[in-house]
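Examination of the molecular architecture
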Amino acid sequence: MNDRKLKIVFFGTPEFAVASMEAILSEGHEIAAVVTAPDKPAGRGKHIMTSAVKDAALRHGLPVLQPEKLKAPEFIEALRGLGADLFVVIAFRMLPEAVWTMPPLGTFNLHASLLPRYRGAAPINRAVMNGDRETGVTTFFLKHEIDTGDVIQQERIEIGEDDDAGTVHDRLMELGARLTAETVNNIAAGTVTTRPQSDFGDVEPSAAPKIFKDTCRIDWTRDAAAVRNHIRGLSPYPTAWTTLTADGTEVGTMKIFATRTTGVKASEPGRVTVSPDRKRLTVDCGDEQLEITSLQAQGKRRMTAEEYLRGCRYEKIEMK
């Protein structure tokens, strides 16, 4: 526990930010308000959905602000009226300068990469998709250009061969919570030192742009390692997908969640082979075959390849 307790406004929306918010509270600091995304209708029934951060804030009895526009004068005045020492931002929209320059101790962000690598919206996905062997979390003070501010602290983890975006997300969420609390305590104690990202001469800056549906489509002409990384980096969400052709007719799309390498030479990218016992399903990539172990056919639930093949009556399957 740190002796000096800060008054903080916390900005965040998804589950990834919740652990950090609760870590700040556990250190005894005051969260004067939580700023999160407005509620929105979702799903077929258009039920109103609230953010994970809002749900957690209400459980802790914290005031919640949900501005539609971050530059709105009434929102700016509400923030100023809180008299906070520090703003903390995790997985939120880009803040206008009038907001992030407001608190006397500054505004810092927790980013799920080892900056200056993977600046942008999808750092976890991109690191796994690219086959990186390590990643981490970084706290840094905000400045005008997104994810370019001076680094406060970093922590690293290894990315295992069988990790996917989901497992890396969960580990970084917990690591990020500890780093967020430590950063707040160090700011409170006046012991923070920062390092410009330009000083990281051995690290090439890179981007982690937002992922769209077309980004998730599998290109079976790539080598098996690249295809497997692509699938891991998008699993369990938003999920890699492919078009399924059966007996010469397109029958919809299929999401692929997990694969394993076979070492078997491929002949035609996208060609599907079903084992004689109908328990294994492999797909040709540009060099080798990949075995699909977890999938979801259009309109069906997620299942193993064996479960899928048990109900599949197609003679010839291809993936494109």
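Below: a short report on this structure.

Reading guide: rules and limits
Residues numbered from 1 in each chain as written. Predicted model: local features only at pLDDT ≥ 70, side-chain atom pairs only at ≥ 80, totals over all residues. Heavy atoms only, no water. Helix = DSSP H or I, 4+ residues; strand = E, 2+ residues; numbered from the N terminus. Buried < 20%, exposed > 50% of the residue type's maximum accessible area, 1.4 Å probe, protein only. Contact = heavy atoms within 4.5 Å. Lys, Arg positive; Asp, Glu negative; His and termini not counted. Charge placed at Lys NZ, Arg CZ, Asp CG, Glu CD. Pairing = 2+ DSSP bridges. Phe/Tyr/Trp six-rings, centres within 6.5 Å; stacked < 30°, edge-to-face > 60°.

1. Let's talk about the overall build of the protein chain
When helices and strands are counted, the protein chain shows eight helices and 16 strands. Projected onto its principal axes, the C-alpha positions of the protein chain cover 70 × 50 × 30 Å. Counting across all 320 residues of the protein chain, residues that qualify as buried make up 49%. A fraction of 65% describes how many contacts in the protein chain between residues 6 or more apart in sequence connect residues 24 or more apart. With 41 positive and 44 negative side-chain charges, the protein chain shows a separation of 5 Å between the mean positions of the two kinds.

2. What to know about the pairing of strand S6 (residues 86–90)
Put simply, side chains in a regular strand alternate between the two faces of the sheet. Along S6, five of the five residues are buried, which leaves the element largely enclosed by surrounding structure. Pairing of S6 with strand S7 (residues 107–111) involves four bridges; the strand directions are parallel. Following the sheet pairing, valine 88 is matched in S7 by phenylalanine 108.

3. Observations regarding the packing of aromatic side chains
Counted according to the given criterion, the structure contains two aromatic pairs. Their ring planes at 55° and their centres at 5.3 Å tell us that phenylalanine 11 and phenylalanine 87 sit as a pair that is tilted. Within this pair, whereas phenylalanine 11 is found in strand S1 (residues 7–12), its partner phenylalanine 87 is found in strand S6, the two being separated by 76 residues in sequence. Judged by relative accessible area, which is 0%, phenylalanine 11 ranks as buried. Residue class for phenylalanine 87 comes out buried when judged on its relative accessible area of 1%. When the ring of phenylalanine 11 is compared with that of phenylalanine 92, the centres are 5.7 Å apart and the planes differ by 65°; the resulting orientation is edge-to-face. Here phenylalanine 11, found in strand S1, pairs with phenylalanine 92, found in the loop between S6 and helix H4 (97–100); they are 81 residues apart in sequence, far enough to count as distant. By the burial criterion, phenylalanine 11 is buried, and phenylalanine 92 matches it.

These results come straight from atomic positions and should not be treated as a statement about function.
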